Every structure is written in structure tokens, then in C-alpha cells.
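The primary structure of each chain is shown beneath.
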Amino acid sequence: MHGAIVVVDPDGPVASAGEIDRPFALASITKLFTATAVHVAVEEGTLALEDPAGPEDSTVAHLLAHASGLGPDGQVLSAPGRRRIYSNAGYDSLGHVTATASGMDFSRYASEAVVDALGLTHTSLTGSPAADASASPRDVAALVSAWLVPGALLSAETVEAAARPFLGDLAGVLPGFGSQTPNDWGLGPEIRGHKSPHWTGSRNSASTFGHFGQAGTCCWVDPVHRGAMVWLGDAPFGPWATSLWPALSDAVLDDLAARRGPS
């Protein structure tokens, strides 16, 4: 297994190990890039979170938070706002809605809105808006940095709204970790909340948000501890990840605390 890690500390230098400029398949971390592009479109006035999108009575916000009722393959399994149903089809719908509203192919829109805006050099957003992007660890770290310290791309108000639970009482299945009640999700990122088991560490705050992918990739932002971590690798998600990622996350938080010294 090959992998690389980047730790983002807004109070000090970024730490890294491995091939941080090598592009890796992101799998579902693609959704965080897609959500970021959608929020740029909202800030520009191209879209609104309340715009109809997806199944009847569903909105852009429902699709971002996996609350539209769409199943993984596009079948309608619930009325909007009733269940948290993780849906690649929902994110493909977001790509279509954004493309229609902007008059641009979604890959081009997302590339201009996110890749070009952040100066990313090893990122490709072609293919499905749900799962087909590739990027280097350094580039994903730049994206999560923009969420950790807003202003470079998204406003603080947008990040605050996107990183808190949307319809926070919804139950659902967190892929790879089973049923969770509630299964907190924001407008794009997954939110740790009090889920157990979970892929982040025991020391991560409940406010931690991010995403992981079946390609063996994860990234999180912890606004309470003011740090972020990116892990990209080439081994598919499996039992190794459910043990490594939480331990790695706790080690990262310990390192951040040690760097800063007593508060």
C-alpha cells in the first residue's frame, strides 16, 4: 500500500509525508470538491440552496446533505427530509443542476470555480461529480484549508452553514460503519457528531467534518482543534482503514497540541 499524509496547521507549517504531489483516485472525496463548487455557485447567485433539484419537493440543500430520498442508483426510496440515504446519484444530479444553471459543463465549472481559484496543479474533476475526481494530497490539503480558514474561496458564513447538521435528527447508514442515529451530515461534508464507530479519532471534536472514499482516502477538518488531515492512498477501503484512520487522527491531534504547547 502506498499513501501520503498532509497535516494542516493554520498556526504553523504544514507537515507531510509520502508522495504529496502524486494524484490519487479520490472516490467519494470527489463530493467535497463538488459541494464546494455548488457553494461557489450559490455565493455567485447562479444557484440557491432552496432551488428545486432531484425528486419532487427536494432541493439543492437536500441533495448536498443526502436527504433528498434518492437511493444510491437514483431510485426514489423516501420523501425528502425523512431519511439520510447516501446517494451518488444525488451528487450526479447536483452536477446536472449546476451545469444547467451556469450554462457550462459541470467539470468545466468546477475546475474554474475550485481548481483554478485555489491554484491546484494536480487535480482533475472530470467524470462523475460523485466519485471520479483525482487529486494530489497537497491539492486536497489546499481544499480543506479553504474550509478550515474561510475567505480564500468560500465565506465564513457559507462554511458555518455547510458544516453544521442539515436536518440533524435524520438516521441513516454511514457507508462502511453501519446505521447511525443520528447520521449527521452538512451541506456537503459529513459531520462526526457522536457517531460510533467512526473513521475519525476519539480525540476529534463532534464538530469535525470531512469525507472518506472507497479508494482508501479520507480528509477531515476539526474547527475546535484548528487543524485538518488528508490521507490519500491506493489501497481500497477495508478493515485496515477502520483501525488506521482513527489512530492516525488521534496522533495528528496529539502532534498539533504538542506543537502549540500549553493553552
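Our structure is the block above this text.
Keep in mind it's a predicted model, so treat the numbers as computed, not measured. (Residues numbered from 1 in each chain as written. Predicted model: local features only at pLDDT ≥ 70, side-chain atom pairs only at ≥ 80, totals over all residues. Heavy atoms only, no water.)

A closer look at helix α3 (residues 88-102)
Link 1 in the chain: Taking 1.5 Å as the rise per residue, α3 with 15 residues should run 21 Å; its terminal C-alpha atoms sit 21 Å apart, in good agreement.
Link 2 in the chain: Where α3 is concerned, the buried positions are Ala 89, Gly 90, Tyr 91, Leu 94, Gly 95, Val 97, Thr 98 and Ala 99.
Link 3 in the chain: Where α3 is buried, its residues contact α1 (30-44), α2 (60-64) and α4 (106-118).
Link 4 in the chain: Looking at where α3 begins, the residue whose side-chain oxygen comes 3.4 Å from the main-chain nitrogen of Ala 89 is Ser 87.
Link 5 in the chain: In the stretch just after α3, Gly 103 is the one whose phi turns positive, near 75°. (Helix = DSSP H or I, 4+ residues; strand = E, 2+ residues; numbered from the N terminus. Expected span 1.5 Å × (residues − 1). Buried < 20%, exposed > 50% of the residue type's maximum accessible area, 1.4 Å probe, protein only. Contact = heavy atoms within 4.5 Å. Polar contact = N/O pair within 3.5 Å; in protein donor to acceptor, adjacent residues only side chain to side chain.)

Focus: the sheet that holds strand β4 (residues 123-124)
Link 1 in the chain: Ordered in space as β3-β5-β4, the 3 strands form an open sheet in which the pairing is antiparallel. Two strands close off the open sheet at either side, each with one partner strand: β3 (24-25) and β4. (Pairing = 2+ DSSP bridges.)

Here's the deal with the nonpolar core
Link 1 in the chain: If you look at the biggest cluster of nonpolar residues, it comprises 58 residues, and the most contacted ones within it are Leu 26, Phe 33, Leu 64, Val 140, Val 144, Trp 147 and Val 230.
Link 2 in the chain: Beyond its immediate sequence surroundings of up to four residues, Val 140 is in contact with Leu 26, Phe 33, Ala 135, Cys 219, Val 230 and Leu 232. (Core = buried A, V, L, I, M, F, W, Y, C linked by side-chain atoms within 4.5 Å.)

A look at the pairing of strand β10 (residues 217-222)
Link 1 in the chain: Burial analysis of β10 places 6 of its 6 residues in the buried class, which makes it a mostly covered element.
Link 2 in the chain: Side chains Thr 217, Cys 219 and Val 221 project from β10 onto one buried face, and the interleaved Cys 218, Trp 220 and Asp 222 project onto a second face that is buried too.
Link 3 in the chain: Of the strand pairs in this sheet, strand β9 (residues 209-213) and β10 are connected by 5 bridges, and their pairing is antiparallel. Bridge pairing in β10 places Gly 210 opposite Trp 220.
Link 4 in the chain: Where β9 folds back on β10, the antiparallel hairpin that results is connected by 3 residues, among which Gly 216 adopts a positive phi of roughly 95°.
Link 5 in the chain: The pairing of β10 with strand β11 (residues 227-233) spans 5 bridges and is antiparallel. Residue pairing for β11: Trp 220 is matched across the bridge by Met 229.
Link 6 in the chain: The hairpin turn running from β10 into β11, its antiparallel successor, is 4 residues long, and Arg 226 in that turn takes a positive phi close to 50°.

A closer look at the packing of aromatic side chains
Link 1 in the chain: Inspection of every chain in the model, using the stated rule, returns 10 aromatic pairs.
Link 2 in the chain: On the numbers, 5.8 Å between centres and 55° between planes, the contact of Trp 199 with Phe 212 is tilted. Of this pair, Trp 199 sits in the loop between β8 (190-191) and β9 while Phe 212 sits in strand β9; the two residues are 13 residues apart in sequence, bridging distant segments of the chain.
Link 3 in the chain: The exposure class of Trp 199 is buried, given its relative accessible area of 1%.
Link 4 in the chain: Counting every residue linked through ring pairs, the aromatic cluster contains Phe 177, Trp 199, Phe 212, Phe 237, Trp 240 and Trp 245. (Phe/Tyr/Trp six-rings, centres within 6.5 Å; stacked < 30°, edge-to-face > 60°.)

Quick word on the pattern of salt bridges
Link 1 in the chain: Tallying each qualifying case throughout the model produces 12 salt bridges.
Link 2 in the chain: Two residues, Asp 9 and Arg 259, come together in a salt bridge whose shortest N-O distance is 3.7 Å. Remark: Arg 259 occurs in helix α7 (residues 239-260) and Asp 9 occurs in the loop between β1 (3-8) and β2 (15-17); sequence separation between them is 250 residues.
Link 3 in the chain: The class of Arg 259 is partly exposed, set by a relative accessible area of 33%.
Link 4 in the chain: Ionic pairing is found between Arg 260 and Asp 9, a salt bridge with its closest N-O pair at 2.8 Å. Here Arg 260 is found in helix α7, whereas its partner Asp 9 is found in the loop between β1 and β2, with 251 residues between them in sequence.
Link 5 in the chain: In this structure, a network of salt bridges that share partners links the residues Asp 9, Asp 11, Arg 226, Asp 255, Arg 259 and Arg 260. (Salt bridge = Lys/Arg side-chain N within 4 Å of Asp/Glu carboxyl O.)

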